[in-house]
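# Structure assessment
Okay, here's what each chain looks like letter by letter:
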Amino acid sequence: MIEFSIVDWAAWAPGLSERSQWLGWADAPYPPQGEDTPALPEIPAMQRRRIERLGRMAVQVACWCEDGQGADSQVPLVFASRHGDVARSMDLLGALAGEQPLSPTGFGLSVHNAIAALYSIARGYRGNYLALAAGQATVETACLEAVGLLADGAREVRVVVYQSPLPEIYATFADEPDPFFAWCWRLAAPTPGRPTLSLQWEAAPHAAATAPGMLPHALDLHRFLLSGAPALEHVAQGQRWRWGRRG
C-alpha cells in the first residue's frame, strides 16, 4: 500500500476551467464536451503556436499547479496519458501512406514525452520529468512512480494526467469514454490536515475488468478526490486497485 497527501490540484476540460466549476461537477459529473482550448497565457505566443490542443491542456494544468516559486526544478513531474497525442501520429502515418514528406517538427512532437519537453522548454524547467502510459492503470502507475520519487527525497511531485478522444480509425478499440481533459495533482508525503489518499493493489487475474462507466477511469479518479467519497475500486489488466482516503 502507498499513501500520499494532495497539496493542491488543477484541472481543465471543455466548459470546466474554474475550481468552483469542478467542485460542482464532482457532485453531478458528466462527460465534458466542447471545442474550447486553454488560453495558456503563461507560455510565449511563439512557443504556444507549436502546442496542439491536448498539449495545451496538459501544460495549462501543470502551470496552474506550480507553487510560488514557479516551475521549481526541485519538484519532479510525472506526465501520464494512455494514448498521448495520437492524432498527430495518425497525421504522420497518413502522410507516409500518401507518400508525402514527413514534417520533422510533427515527428518530433509526436513522441510520448513531447508535451513534457514543451513544458520544460517553455517554463525553463530543468528538473526530473518523465512520461508514461499503462493502459487503464495509467494513473495508478503514475502515482506509484511519484511515491517512489518522494521516497528518494523529493519534497513534492506533480502528476499531470491528460487524455483526448481516439482517432476514428481506432474507435473500435476504445474500452472507456475518452473526452478531452487534463488534471494535475501536487503530491507530498502524508501530512496532517491535508487530504490523504491510499492505494492498495493485488493480482486479480480472473476478475472481470471494471465495466466502462460514464467517465474514463482517470477522470473518475479526479472526481473521487473532489467528491470526498471514502473509496473507489478499479479492476484492470489483471489487477485490483483500491483507493481510499483519510483526513
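All of the points below concern the structure found in this document. (Residues numbered from 1 in each chain as written. Predicted model: local features only at pLDDT ≥ 70, side-chain atom pairs only at ≥ 80, totals over all residues. Heavy atoms only, no water.)

This paragraph deals with the nonpolar core. Most often, soluble globular proteins have nonpolar side chains that are buried together. Among the nonpolar cores identified, the biggest contains 41 residues, and F4, W22, W185 and W243 are the most heavily contacted of them. The element best represented in this core is helix α7 (residues 138–151), accounting for seven residues. Aside from chain neighbours lying at most four places away, what touches W22 is W9, A11, W12, A13, L16, S17, L219, H222 and L226. In this structure, I51, I115, L118 and Y125 belong to the second largest nonpolar core, which totals 27 residues. (Core = buried A, V, L, I, M, F, W, Y, C linked by side-chain atoms within 4.5 Å. Buried < 20%, exposed > 50% of the residue type's maximum accessible area, 1.4 Å probe, protein only. Helix = DSSP H or I, 4+ residues; strand = E, 2+ residues; numbered from the N terminus. Contact = heavy atoms within 4.5 Å.)

Looking now at the packing of helix α1 (residues 19–27) against helix α8 (residues 217–227). Between α1 and α8, the least distance of the axes is 9 Å, while the angle of their chain directions is 100°. On the basis of the axis angle, α1 is roughly perpendicular to α8. Residues W22, L23, W25 and A26 of α1 form the contact with α8, whose participating residues are L219, H222, R223, L226 and S227. Here the contact of α1 with α8 is composed, by residue class, of six nonpolar, two polar and one charged. (Axes fitted to C-alpha atoms, helices over the stretch in contact; angles between N-to-C directions. Parallel < 35°, antiparallel > 145°, perpendicular 65-115°, else oblique. Nonpolar A, V, L, I, M, F, W, Y, C, P; charged D, E, K, R; others polar.)

A few words on α1. Among all positions of α1, only W22, W25 and A26 are buried. The buried residues of α1 occupy an angular sector of 100° when projected down its axis, which confines them to one face. Away from its buried face, by an angle of more than 90 degrees, α1 presents the exposed residues S20 and D27. Buried residues belonging to α1 abut β1 (2–12) and α8. (Arc of directions from axis to C-beta.)

Even without glycine at this site, L40 takes up a positive phi of about 55°. Take L40: it is sitting in the loop between α1 and α2 (45–48). For L40, a relative accessible area of 0% translates into the label buried.

Note: strands within a sheet are paired through backbone hydrogen bonds, in either parallel or antiparallel orientation. The sheet built from eight strands is open, its strands ordered β3-β2-β4-β5-β1-β6-β8-β7 with mixed pairing. Pairing within the sheet leaves two strands with one partner each, and these edge strands are β3 (129–132) and β7 (231–236). Across the sheet, the mean angle separating the axes of adjacent strands is 25° when strand polarity is ignored. Where strand β6 (residues 196–203) meets strand β8 (residues 239–246), eight bridges bridge the pair, whose relative direction is antiparallel. Residue pairing in the sheet places L199 in a bridge with W243 of β8. Sheet strands touched by helix α3 (residues 53–64): β1, β4 (157–163) and β5 (181–188). Its angle to β4, the strand with the most contacts, is close to 155°. Contacting β1, β4, β5, β6, β7 and β8, α8 crosses the sheet at an angle of about 55° to β5. (Pairing = 2+ DSSP bridges.)

Further remarks concern the pairing of β7. Looking at chain direction, β7 and β8 are connected through six bridges and run antiparallel. Note on β8: the bridge partner recorded for A236 is Q239. The loop that links β7 with its antiparallel partner β8 comprises two residues; one of these, Q237, has a positive phi angle of about 55°.

Once that is clear, we can look at the side chain of R53. Within the secondary structure layout, R53 lies in helix α3. E35 provides the closest opposite charge to the buried, salt-bridge-free R53, at an N-O distance of 4.0 Å. A polar contact of 2.8 Å, which involves the side chain of R53, links it to the backbone oxygen of G34. Other than its neighbours up to four places away in sequence, R53 contacts P14, G34, E35, D36, T37 and F180. (Lys, Arg positive; Asp, Glu negative; His and termini not counted. Salt bridge = Lys/Arg side-chain N within 4 Å of Asp/Glu carboxyl O. Polar contact = N/O pair within 3.5 Å; in protein donor to acceptor, adjacent residues only side chain to side chain.)

Spatial relationships are all this shows, so hold off on functional conclusions.
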